[in-house]
Amino acid sequence: MISYDDFSKLELKIATILSVERVEGSQKLLKLSITLGEESPRTLVAGIGKRYSPEELLNTQIVIIANLEPRALMGIESQGMLLATDDDAGPVLLRPITPVPPGSSIH
């Protein structure tokens, strides 16, 4: 269990995917360029490439943890983490049902 104070430190936001490419040397990693609205685009690296093609993710919205410390994956700095669950076929992205402005906070 974590406290509410610890949970409230997470910045959960809606991001719009601007571009997607496969990470060379990996079957599952994708490199996403995302926008949170006002700030410069960010890079995320996510292990969703076996389930999703770059073409189907382009211009879609996802839920991310925006204030996670950056981490390098296969030499690429990932500046956040997308949220997903899994089913029998692999990862399933969490997404808003209706488009909202990029950068919108999750309450």
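The following refers to the structure shown. (Residues numbered from 1 in each chain as written. Predicted model: local features only at pLDDT ≥ 70, side-chain atom pairs only at ≥ 80, totals over all residues. Heavy atoms only, no water.)

Quick look at the overall build of the chain
From N to C terminus, the chain includes two helices and nine strands. Scanning the chain from its N terminus toward the C terminus, one meets helices and strands in the order α-β-β-β-α-β-β-β-β-β-β. Taking 2.2 N^0.38 as the reference for a compact globule, 107 residues should give roughly 13 Å; the C-alpha atoms of the chain span a radius of gyration of 14 Å, in line with that estimate. Considered along the principal axes of its C-alpha atoms, the chain spans approximately 40 × 30 × 30 Å. The buried share among the 107 residues of the chain stands at 36%. Partitioning the intrachain contacts of the chain with sequence separation of at least 6 by distance along the chain shows that 57% fall at a separation of at least 24. Put simply, the chain shows about 6900 Å² of open surface, and 52% of that area lies on carbon and sulfur atoms. Of the charged side chains in the chain, 10 are positive and 14 negative; the average position of the first set lies 3 Å away from that of the second. (Helix = DSSP H or I, 4+ residues; strand = E, 2+ residues; numbered from the N terminus. Rg over C-alpha atoms; globule rule 2.2 N^0.38 Å. Buried < 20%, exposed > 50% of the residue type's maximum accessible area, 1.4 Å probe, protein only. Contact = heavy atoms within 4.5 Å. Areas by Shrake-Rupley, 256 points an atom, 1.4 Å probe, with all protein chains shown as cover. Lys, Arg positive; Asp, Glu negative; His and termini not counted. Charge placed at Lys NZ, Arg CZ, Asp CG, Glu CD.)

Section: the sheet that holds strand β7 (residues 81-82)
Here we have five strands laid out as an open sheet, ordered β3-β2-β1-β4-β7, and antiparallel in their pairing. The sheet is open, and its two borders are formed by β3 (42-46) and β7, each paired with just one other strand. Bridge analysis of strand β1 (residues 12-22) against strand β2 (residues 30-35) gives six bridges, and the strand direction is antiparallel. Of the residues in β2, the one forming a bridge with R22 is L30. (Pairing = 2+ DSSP bridges.)

Focus on the pairing of strand β9 (residues 90-93)
As paired strands, strand β8 (residues 84-87) and β9 are joined by four bridges and run antiparallel to one another. Note on β9: the bridge partner recorded for T85 is V92. Hairpin geometry of β8 and β9 is characterised by an intervening segment of two residues between the two adjacent antiparallel strands.

Considering the layout of surface pockets
By volume, the largest pocket is sized at about 230 Å³. Taken together, V45, A46, G47, L68, E69, R71, L73, S78, G80, M81 and L82 make up the lining of the largest pocket. Sorting the residues of the lining of the largest pocket by element identifies β3, β5 (71-73) and β7 as the ones contributing at least two each. Among the residues forming the lining of the largest pocket, the class breakdown is six nonpolar, three polar and two charged. (1 Å grid on protein atoms, 1.4 Å probe; cavity = no way out; pocket = protein on both sides within 12 Å on 5 of 7 lines; lining within 4 Å. Points joined across faces, edges and corners; volume = space filled by probe spheres on them. Nonpolar A, V, L, I, M, F, W, Y, C, P; charged D, E, K, R; others polar.)

Let's talk about the nonpolar core
Ranked by internal contacts, the top residues of the largest apolar core, which has 17 residues, are L32, I34, I48, L57, I62, I64 and L82. Not counting chain neighbours up to four residues away, the residues in contact with L32 comprise I17, S19, V20, R42, T43, L44, A46, I62 and L82. (Core = buried A, V, L, I, M, F, W, Y, C linked by side-chain atoms within 4.5 Å.)

Read these as spatial facts, not as claims about activity.
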